[in-house]
Every structure is written in structure tokens, then in C-alpha cells.
Amino acid sequence: MGPTRKPNVCRQLSRRALGFFSRDAGVVQRTNLGILRALVCQESTKFKNVWTTHSKSPIAYERGRIYFDNYRCCVSSIASEPRKLYEMPKCSKSEKIEDALLWECPVGEILPNPSDYKSSLIALTAHNWLFRISATTGKVLEKIYLASYCKFRYLSWDTPQEVIAVKSAQNKGSVLARQAGIQQPVLLYLAVFHVLPFSLIGILEINKKIFGNVTDATLSHGILIVMYSSGLVRLYSFQAITEQFMQQKLDLGCACRWGGTAGTVGEAPFGIPCNIKITDTPPLLFEVSSLENAFQIGGHPWHYIITPNKKKQKGVFHICALKDNSLAKNGIQEMECCSLESDWIYFHPDASGRIIHVGPNQVKVLKLNEVENNSAQHQISEDFVILANREKNKNENLPIVTASGRVVKKNFNLLDDDPEQETFKIVDYEDELDLLSVVAVTQIDAEGKAHLDFHCNEYGTLLKSIPLVESWDVTYSHEVYFDRDLVLHIEQKPSRVFSCYVYQMVCDPADEETTNRSCEKDGPEQELSIYMRTPSGGPETVPSLHPITRKTGNR
């Protein structure tokens, strides 16, 4: 375990007030977040359930905003009590928002209007419109009509905050067409845009003649990823495809003539023609076979994680070098556990190149480093392990005495995710506070109880544990977000009932009352000494520090 020295909040505030960091805004921001982390993790700080609500439609959360009714209603969770930011007019089912992304700031772009620098919601509607909506007022700032020849349904970032991909539903054809054996030539479409200012890159068709029986396709960091039911995953360069197969460059808002029809690009009813049609097999960058198409790339240098494409290999993960497909030393990771739900693995989102492997009773953080005396090969080793708080079951292997007096020893093992034992359900990373958040659940009598633990991202040390007051049913779907001084739990119950529980960081009322009495008794000088304490000295610093750590932009 590494050092656990506490930062001195008073010293950090004094240095900031004296202008020690005035030349570097990034240092000031990191200092503020360091102060907030100290306050979040100190013993006297509590997280209080300040708001609970229920909805018949899905609830979404993004950067301090809670969205209801298919993004039509937005509530801010930053205030001391959640408050409504806006509510858009009611619309028909055919016009509802189906998917959305939060755009926060331009990346290296000078924009024409000051309002363009404020956060926007990029929204896709059921009738194929792409909207840019003000994240604070709900006003529609821009709108683009996509097309009428397919049904667009999904939004994703190709390059975060810069390029978006809009994916259509798969074209499976009508029931009659399938019964007649009529093959659909185009399986799906991908529309790709630069955001703010909006500009079209192109609409790409994924057709069966070139790619075969594709089950899914997506874009990520300029790579076209194509997946097949056999488990095969193929990677292509989207830029190379665009340069080779784009039929015509299209600009939004400009007149265009396409296929005998004239109109304005991005306006109804003309929309945007499909201008990238692949007529020959593009150059293949990479190909691999993995169970259920599970495939990830990350690490330093580049490695990838797959599961061998056999059902009996489920839960076995291979970590290989991308450059030559060689297996890393200790690169086969298998968590020896017996559970109903399988373990999962992914590259750490903190860009450290580490790997997080989560099982029902342990979280392993693995690191990738060079083999000694062989810089060409890399090995996997444990950085640290977080273990569930469990007691050995006293009923295991107890002898049983039969009616005749014969002693029988019965052997049995509980599942590793048995609900009566503490089990890990969610592991996430808070990038601004550099904390790992782990949700652990235990079934107590008829209901489950959960707590959210904060661990040091560098050493794995447990720094804080927050009990969740609501019961946790392991058969329901759950999402938990930890965002600076906020914890939010979204739960989906049967019959499409959604619940949202909001927790906010507060002072311990008992400690605050004791501190206030001390201030009144000893006067201003004593009050000054209280504000000069370190984080462990009490929560009285929270009210004065809280405003400076509010979220004000991109992470």
C-alpha cells in the first residue's frame, strides 16, 4: 500500500488566494478538485438522500442534469435541491427524442456566436430529425432532417465532443420479403457529422454484397468496426473509405440535385442522400474472432482483450499485443469464481493503460509493463485488489448425524454471487476526483442493502463508504453515478417503472451544531481557528468551499 498523507486544505486555499496558481488555470482547477476530494472523503462528511422521484418513462443522467420523458423535461441536480431547468412542449410519439448526447465545448474551434460555447444536447427524434438543443433552456438552436429512406435510431461519439455517428436500425425487410427469400442489399446506414459548427462528413451504407451477413457496425475513433454472428470482428479505416468511395461532397443548407430530385441538403423532405457507397472490398486493418463479438483496444502500447470464440471459454480473457497478436505474459486472465453472472473486464478509463477485472467478490486492477530484459514483450501483473467484506460461511462442511447415529459429512459451496454475501455489482471511475466507486450489495432478510465505496485510484485504499437508504433488488436493472459531490441511483422496476434517488454531500448536522456552539462561545478568534483546520478537523469548511467546486465546463 502507498502513502495516505492527507492534503492540507488550509494551505491549498492560502496559496490560491496569494496567486500562486494564477498563471495556470489548470493548476487552479486541479487544486479545487483536490480540496473537494479531501472534503468528500473525510469522515464527518455525509451523503444525504435529498430527492426521490418516479417515472413511467426512462430516466437519464448526464453532467449534473437529469432527463425525464424522453429528454423532454430537464432537471438540474447541482442546486441544494433538484430544480426544473426546462420542459419542452408535448409531442406525438412519432416526434419523441429517441437518443441524445451532451455536447459541452468546442475543441479548437472559434464559433460565430457566444451562445455556441454553452452546452448543447444533440438529440435524435423518431421522425429522423437531428436537433441541437440548449442544455439550459431547451430551445432548439439547429435542426437537420436526415433522410426518409431509413429509420435512424442511435447516437454515439466517433471522436468525443468532435464527431458523432448516427446509426440506423437494421434493415431486415418485411416478413413477406423474408419468406420469399428476397435479400436486402443495404443492412444499415451510418451518418457522420462534425459538431458545432455542424458539418456533414457523409452517410455510409453497409451492404451485404461487400460485407456479407453483418449483425452490427459502428464507428469509433475513425475506425469502422463490423461484427458478424460468427464472432468475427473486422476493422477498417473510415477516412480511407471516405476518400475512395465518396460519390459527391455534400454541404448542409446547400442546393443539391441527386437521382433526378432537387432539394436543400438537411432540409425536409429532401434530407441527406447516401453519398458514400462502397463498391469494392476496402483495405482490412485488423481481424479477430471473439465470443459474442467482445473486443476492446487500449493500454500502452496498444493491446486488445478478447474471449476465445467457444462457449466453454466464457469468463476467460486473452490480452494480446495489437501489433503482432502475441499473447502477453500472464495474459490469460480467468477469475476462479462460481456465479450466475459472469465477471467482466475492461481497460481503465483513466488512460493509465491499466485493466480492471471485476468479479462478484473481488476487483482486480492489473497493470501492463515490459518484461525484464525483453522490451518487445509485455506482461500482466496485479496492481492492487479490492476484496468484498465477507465472513466464511459457518455452515459449510458441517457433519450431519442421521437417525441411526451415523455421521455424514456434507460438502457444498455457495455461489460467489450468493445474495446473502456482499457482492460487487457496479464499478466506475470518477475522473475529476480520481476515485474508483464500487457498489456492493448484500441481501438482508427480504430486501437487499447497498453501499457505495470510494477507493483511491492509485493504491486501492478504501477512503469512504456511503450507505444507500433505498432497498436494492438484484433482479432489477440499476445505474449508479458518482459525480463530484453528487450520487445518483436510477432503478428500473417491472412494468417500466423508473425510480431516481439523488444524494448530495452535506455536513454532519451533529458536528456542525457542536462547531457553531463553539464559535458563539469563543468569539471571532475561535471561529478563525476552525476555518484553519485540515479536512479531518471538521466539516465547517464545506459551505465556503462548495461554490468554487461546482461543475463549470468540460471534464
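In this text the structure is predicted, and so the values were computed from the model without any measurement.

S.K.: How should I be thinking about the overall build of the protein in this particular structure?
M.R.: Tallying secondary structure elements over the protein gives eight helices and 36 strands in all. Sequence-distant contacts in the protein: of pairs separated by 6 or more residues, those separated by 24 or more amount to 49%. Surface summary for the protein: the accessible area is close to 28,900 Å², and the carbon and sulfur share equals 50%.

S.K.: Would you mind going over the packing of aromatic side chains with me for this structure?
M.R.: One pair of aromatic rings is described through two measures. These are the centre distance and the angle between the planes. This model, assessed by the stated rule, comprises 13 aromatic pairs. Pairing W129 with Y145 gives two aromatic rings, centres 5.3 Å apart and planes at 50°, and the pair type is tilted. With a gap of 16 residues between them, W129 in strand 8 (residues 129-134) and Y145 in strand 9 (residues 140-145) connect regions that are remote in the sequence. Given the relative accessible area of 10%, Y145 is considered buried. Look at F193 and F198: their rings are 6.2 Å apart centre to centre, the planes differ by 85°, and that puts the pair in the edge-to-face class.

S.K.: Explain the pattern of salt bridges to me, please; I cannot follow it from the model alone.
M.R.: A side chain of one charge can pair with a side chain of the opposite charge when the charged atoms of the two come close. Summed over all chains, the structure comprises 19 salt bridges. For E87, the salt bridge identified is with R72, shortest N-O distance 3.2 Å. Residue E87 is found in strand 5 (residues 83-87), and its partner R72 is found in the loop between strand 3 (65-68) and strand 4 (73-76); the two are separated by 15 residues along the sequence. Judged by its relative accessible area of 11%, R72 falls in the buried class. Salt bridges linked by common partners bring D69, R72, K84 and E87 together as one network.

What counts and how
- Residues numbered from 1 in each chain as written.
- Predicted model: local features only at pLDDT ≥ 70, side-chain atom pairs only at ≥ 80, totals over all residues.
- Heavy atoms only, no water.
- Helix = DSSP H or I, 4+ residues; strand = E, 2+ residues; numbered from the N terminus.
- Contact = heavy atoms within 4.5 Å.
- Areas by Shrake-Rupley, 256 points an atom, 1.4 Å probe, with all protein chains shown as cover.
- Phe/Tyr/Trp six-rings, centres within 6.5 Å; stacked < 30°, edge-to-face > 60°.
- Buried < 20%, exposed > 50% of the residue type's maximum accessible area, 1.4 Å probe, protein only.
- Salt bridge = Lys/Arg side-chain N within 4 Å of Asp/Glu carboxyl O.

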